[in-house]
Amino acid sequence: MAPNSTDTSLRPVVTRFAPSPTGFMHIGGVRTALFAYLYAKRHRGTFILRIEDTDKEREVPGSIAHIQESLAWLGITPDFGPDTPGPWGSNIQSERLSIYKRYAEELIAKGLAYPDPYTAAEVEAFRAQATAEKRPFLIRNHRPATFEVWDGTKPLRLKVPEVKRYTWHDVVRGELTAGEEALDDVVLIKADGYPTYNFAHIVDDHEMGVTHIMRADEFISSLPKFLSIYDALGLPYPEFVTMPPILRDDRSKKLGKRDGAKDILDYRTEGYLPEAMMNFLALTGWNPGTEQELFTHDELVAAFDATKIQRAGAVVNEDKLLWMNKYHLGKKDEAFKHEYVKNALPEALRSLPTCTEEILTALTPVVLERIHTKVEISDAAREGEYDFAFITPEYDTALLQWKKDPSVLEALPRLKRVFEILSAANVDFSNAEALKELLMPYAEEVGKGEVLWPLRVALSGRAQSPDPFTIMTIIGGGETLKRLSNACGKIQGDAS
RNA sequence: GGCCCCAUCGUCUAGCGGCUAGGACACAGGAUUCUCAUUCCUGUAACCGGAGUUCGAUUCUCCGUGGGGUCACCA
């Protein structure tokens, strides 16, 4: 452990997720939020959502609400956030400028911060020269001999307190280290008066009592700069928990918005359940140390161990996400499933007078058995897969012919017989088992395929469909007999 | 280019000196089944390379290779 590190094990855990409001959140950002949340909840601690809006150029209106909605959808509930200030005040950085200024002035008083005497063009010239000479650019090599008084119009820079090799501890990566090249006189307060990320996040994390910082591995190389700021301010280090990257499918680089990374809320639109998303995200870059793969929210909270976070980058396994969604869909109650299926059906089907709540209830399990997401329901519906439930089918009579039969005419007496059996019996058409008991003796006598194939096609109008008994429970007795009668009529019509 | 991080089946991963290298998704085959789907069973498939340490390396060390990140008045 680094010399300046404090033992945070006795303090209540406080974590935060600190996005900048520059648009939507993709799967990578959400996972960072999830891990910070799970860790806090696992230790009965506090989870803060802090908005880092110190770059007014990049800010996208509406982002804060969008971020909040994304987290709310997943069931990640911050204890403090943009709408719920803490004892430390606002959780929006643009509303905390006086606090950063106070810390900045403290550094100036210590002689550890100074206004940048150079114009942007001059700094750029230094940089260009360094690049041309193929050596790293360090502004600290151009540090003025004496510091001007800071009037707030120039960027305020840190005077690195001690140029040295830093070694620090990371919960995931263990001991990390970086040379002096990683240290520089970074900007603390920009010329526009806003603090930089480098400075603001350190001040805020301290003010808010943050004990563990979860963030992406792209920040590893900046850690020495951060540590030098902690040192300059005389602040203890928190625990660092570095997240592995989520990579593009081709592993060429980190997943980013430019590479078509989806808004997490797009998954909601496609019919993914938040339970499935959370479960899947948790297992991308983390494992419980057991072979359990299916988790509820509470199980994840109970199982989460930050030391099991992965070091290597991961690619999103979309197929597994689909599989998980099907699983979690199966766990939902009947009312939810009913609405889920109903909402996924195209308007063309939903507006039919036959699209009753009773039929939908009977159809729902049949649909859910065959799909992973809402979009698959819509696609299948457009292909006509569920038409049998609502519409008396139209089809070519040739489809009624069982593969072993020489002619479709063979099916005629069998369908008639089935019609007779169903008409004569006083069977409950909502009971698939009863229907099966009633018809199977005849089917087994003649041959299952010989009877069931034409029966099923007569009812569904399709070569592939649920079994005939299930279809009968969905469409009811009247419609069943009507379709059988139709089929018989068509065969006879074709024959004459 | 400097600095830093990473490396087990196609993908997500287990492994923390000795295992027939395990699980999941996907894929293939089979069973159930009139068809589709579900369910169940089985199978194909991985330790980046080279040295070193050791009786013994997927595991520890070093050197490569490959990939990624970072060098902003962005976060």
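Given the structure is predicted, the values throughout are model-derived calculations rather than measurements.

(A) Region of interest: the packing of aromatic side chains. As enumerated under the stated definition, the model contains 14 aromatic pairs in all. Centroid distance Tyr 230 to Phe 240: 6.5 Å. Interplanar angle 70 degrees. Geometry classified as edge-to-face. Of this pair, Tyr 230 sits in helix 6 (residues 223-233) while Phe 240 sits in strand 9 (residues 239-243), and the two are 10 residues apart along the sequence. A relative accessible area of 2% means that Tyr 230 is categorised as buried. What makes Phe 240 buried here is its relative accessible area of 3%. Of the aromatic side chains, those joined through ring pairs into one cluster are Phe 35, Trp 286, Phe 295 and Phe 304. Over the ring of Tyr 340 we find Lys 374, and its NZ or CZ is 5.0 Å from the ring centre. Geometry around Tyr 395 places Lys 490 over its ring, the cationic atom sitting 4.0 Å from the centre.

(B) Main features of the protein's contact with RNA strand B. Around RNA strand B there are 59 residues in total, and Arg 127, Arg 173, Ser 252, Asn 287 and Pro 468 lie nearest to it. Within the backbone of Val 315, a nitrogen or oxygen atom sits 2.8 Å from a phosphate oxygen of RNA strand B. In this structure, Ala 463 approaches RNA strand B through a main-chain N or O atom, which is 3.5 Å from a base oxygen. Elements with a minimum of two residues in the surface near RNA strand B: strand 6 (174-178), strand 11 (314-315), helix 10 (318-331) and helix 17 (448-460). Here the surface near RNA strand B gets 5 residues from one element, more than from any other, and that element is helix 17.

(C) Molecular detail of helix 8 (residues 274-282). Burial analysis of helix 8 places 7 of its 9 residues in the buried class, which makes it a mostly covered element. Taken residue by residue, helix 8 has Ala 276, Met 277, Met 278, Asn 279, Phe 280, Leu 281 and Ala 282 as its buried positions. Looking at the buried side of helix 8, the elements it contacts are helix 1 (27-42), helix 2 (63-74), helix 7 (264-269), helix 9 (297-303) and helix 10.

(D) A look at the domain arrangement of chain A. On domain assignment, one finds that chain A holds domain 1 (8-247), domain 2 (333-376) and domain 3 (397-495). Computed from C-alpha coordinates alone, the two centres of domain 1 and domain 2 are separated by 48 Å.

(E) Geometry of the nonpolar core. In terms of nonpolar packing, the biggest core is built from 54 residues, with Leu 363, Ile 377, Tyr 386, Phe 390, Leu 415, Leu 455 and Met 472 touching the most fellow members. Considering every element that reaches this core, the biggest residue donor is helix 18 (residues 468-495), with 9 residues. Looking at which domains feed residues into this core, each of domain 2 (333-376) and domain 3 (397-495) supplies at least three. One finds Trp 73, Leu 265, Met 278 and Ala 306 within the second-largest nonpolar core, a separate group that totals 51 residues.

(F) Spotlight on the pattern of salt bridges. Counted under the stated rule, the structure contains 32 salt bridges. A salt bridge links Lys 110 to Glu 106; its shortest N-O distance comes to 3.8 Å. Residue Lys 110 is classed as partly exposed on the basis of its relative accessible area, which comes to 41%. Overall, Glu 106 belongs to the partly exposed group, its relative accessible area being 33%. The residue Glu 270 makes a salt bridge to Lys 262 at a minimum N-O spacing of 3.1 Å.

(G) Representation of the sheet that holds strand 3 (residues 113-115) within the structure. Spatial ordering of the open sheet is given by 3-4-7, a layout of 3 strands whose pairing is antiparallel. Two strands bound the open sheet, and with one partner strand each, they are strand 3 and strand 7 (187-189). Here the strands of the sheet are splayed against their neighbours by 40 degrees on average, with no regard to which way each runs. Relative to strand 7, strand 4 (residues 156-158) runs antiparallel, the two being bridged by 2 bridges.

(H) Helix 15 (residues 411-424), seen in detail. The terminal C-alpha atoms of helix 15 lie 20 Å apart, and with 14 residues this matches the ideal 20 Å at 1.5 Å per residue to within 8%. Ala 411, Leu 412, Arg 414, Leu 415, Val 418, Ile 421 and Leu 422 are the residues of helix 15 that are buried. Contact partners of the buried residues in helix 15: helix 16 (432-446), helix 17 and helix 18.

(I) Examining unusual backbone geometry more closely. The phi angle at Arg 44 is positive, at roughly 55 degrees, despite the residue not being glycine. Among the structural elements, Arg 44 can be located in the loop between helix 1 and strand 2 (46-49). For Arg 251, which is not glycine, the phi dihedral falls at a positive 65 degrees. Its location among the elements puts Arg 251 in the loop between strand 10 (246-247) and helix 7.

Calculation criteria
Residues numbered from 1 in each chain as written. Chains lettered and ligands numbered in written order. Predicted model: local features only at pLDDT ≥ 70, side-chain atom pairs only at ≥ 80, totals over all residues. Heavy atoms only, no water. Phe/Tyr/Trp six-rings, centres within 6.5 Å; stacked < 30°, edge-to-face > 60°. Helix = DSSP H or I, 4+ residues; strand = E, 2+ residues; numbered from the N terminus. Buried < 20%, exposed > 50% of the residue type's maximum accessible area, 1.4 Å probe, protein only. Lys NZ or Arg CZ within 6 Å of the ring centre and 35° of its normal. Near = heavy atom within 4 Å. Polar contact = N/O pair within 3.5 Å; in protein donor to acceptor, adjacent residues only side chain to side chain. Contact = heavy atoms within 4.5 Å. Domains from an automatic or database assignment. Core = buried A, V, L, I, M, F, W, Y, C linked by side-chain atoms within 4.5 Å. Salt bridge = Lys/Arg side-chain N within 4 Å of Asp/Glu carboxyl O. Pairing = 2+ DSSP bridges. Axes fitted to C-alpha atoms, helices over the stretch in contact; angles between N-to-C directions. Expected span 1.5 Å × (residues − 1).

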